[in-house]
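# Tertiary structure, described
Listed below are the residues making up each chain.
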Amino acid sequence: EAGVAQSPRYKIIEKRQSVAFWCNPISGHATLYWYQQILGQGPKLLIQFQNNGVVDDSQLPKDRFSAERLKGVDSTLKIQPAKLEDSAVYLCASSLRRVGELFFGEGSRLTVL
Amino acid sequence: KNEVEQSPQNLTAQEGEFITINCSYSVGISALHWLQQHPGGGIVSLFMLSSGKKKHGRLIATINIQEKHSSLHITASHPRDSAVYICAVRSYNTDKLIFGTGTRLQVFP
């Protein structure tokens, strides 16, 4: 069974530039999460999708972050414009249902200079 | 006070030692997850449990719902077990996952 795929693995940009991350969850997984993990801290939920609907985006900085999950399969997370404090690892996770075992991708490490 | 507390924050051990990491939480939960994160790596789910005990290889996870406490045990520890171990609970009321701050384990040969 293929795992959660994320790309790119690494991205370096300058502040005020934009960046997009892509996630392909495990086939059939209805729930998809995007987390932000700053070095030395635990993951912070940015957005949770159930199929193609948003369940929770209360901690997503909507002035600069956006995410979509068209067709309820893969998802993109965009940051525009980026700030220095956005430097972090962006983790995508999926689960078969809302209360289920989590499967994480390898993460996308963003450095904003 | 954090809703999910882990102890210890840091742990060093010699290869072969028995290791215990503890997780206490203060909210009602529907499930508890133990996760492993290697430096620079993604997160791997080790266990999801809501009662009793689960075992996978050298790893054992237990949970006591009444005491709101869970433990992760590693038997015959190995340097490749060196990682950050994270406890996360799913709140019964909000359905949200609440993460602990992690326990950094280093196992020396």
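Check the entry above for the structure.
Scope of this entry: the structure provided in the associated data block. None of the values given here were measured: they were computed from a predicted structure.

All names here are of chain A. Of all seven residues in strand S5 (residues 44-50), five are buried; the element is thus mostly enclosed. Relative to S5, strand S4 (residues 31-37) runs antiparallel, the two being bridged by six bridges. What sits directly across from Tyr 35, in S5, is Leu 45. One ladder, built from three bridges, connects S5 with strand S6 (residues 53-56); its direction is antiparallel. Along S6, the bridge assignment pairs Gln 50 with Gly 53. Hairpin connection between S5 and S6: a loop of two residues separates the two successive antiparallel strands, and Asn 51 in this loop has a positive phi of roughly 55°.

Accessible area lost on assembly of the parts is the figure often given for the size of an interface. Counting residues at the interface gives 17 residues for chain A, matched by 16 residues for chain B. Area buried by chain A at its contact with chain B is led by A:Val99, A:Leu102 and A:Phe104, which between them contribute 30% of it. Inspection of the region where chain A meets chain B yields one salt bridge. The partner of A:Asp56 in a salt bridge is B:Lys96, with the nearest N and O atoms 3.3 Å apart. Linking chain A with chain B are five residue pairs in polar contact (both at pLDDT 80 or more), by the criterion used here. When residues of the side of chain A that touches chain B are assigned to their parent elements, the largest contribution, three residues, is made by S4(A). Considered class by class, the residues forming the side of chain A that touches chain B number seven nonpolar, four polar and six charged.

About the criteria used
- Residues numbered from 1 in each chain as written.
- Chains lettered and ligands numbered in written order.
- Predicted model: local features only at pLDDT ≥ 70, side-chain atom pairs only at ≥ 80, totals over all residues.
- Heavy atoms only, no water.
- Buried < 20%, exposed > 50% of the residue type's maximum accessible area, 1.4 Å probe, protein only.
- Helix = DSSP H or I, 4+ residues; strand = E, 2+ residues; numbered from the N terminus.
- Pairing = 2+ DSSP bridges.
- Contact = heavy atoms within 4.5 Å.
- Buried area = accessible area lost by both parts, 1.4 Å probe.
- Salt bridge = Lys/Arg side-chain N within 4 Å of Asp/Glu carboxyl O.
- Polar contact = N/O pair within 3.5 Å; in protein donor to acceptor, adjacent residues only side chain to side chain.
- Nonpolar A, V, L, I, M, F, W, Y, C, P; charged D, E, K, R; others polar.

Take it as geometry only, folks, not as evidence of what the structure does.
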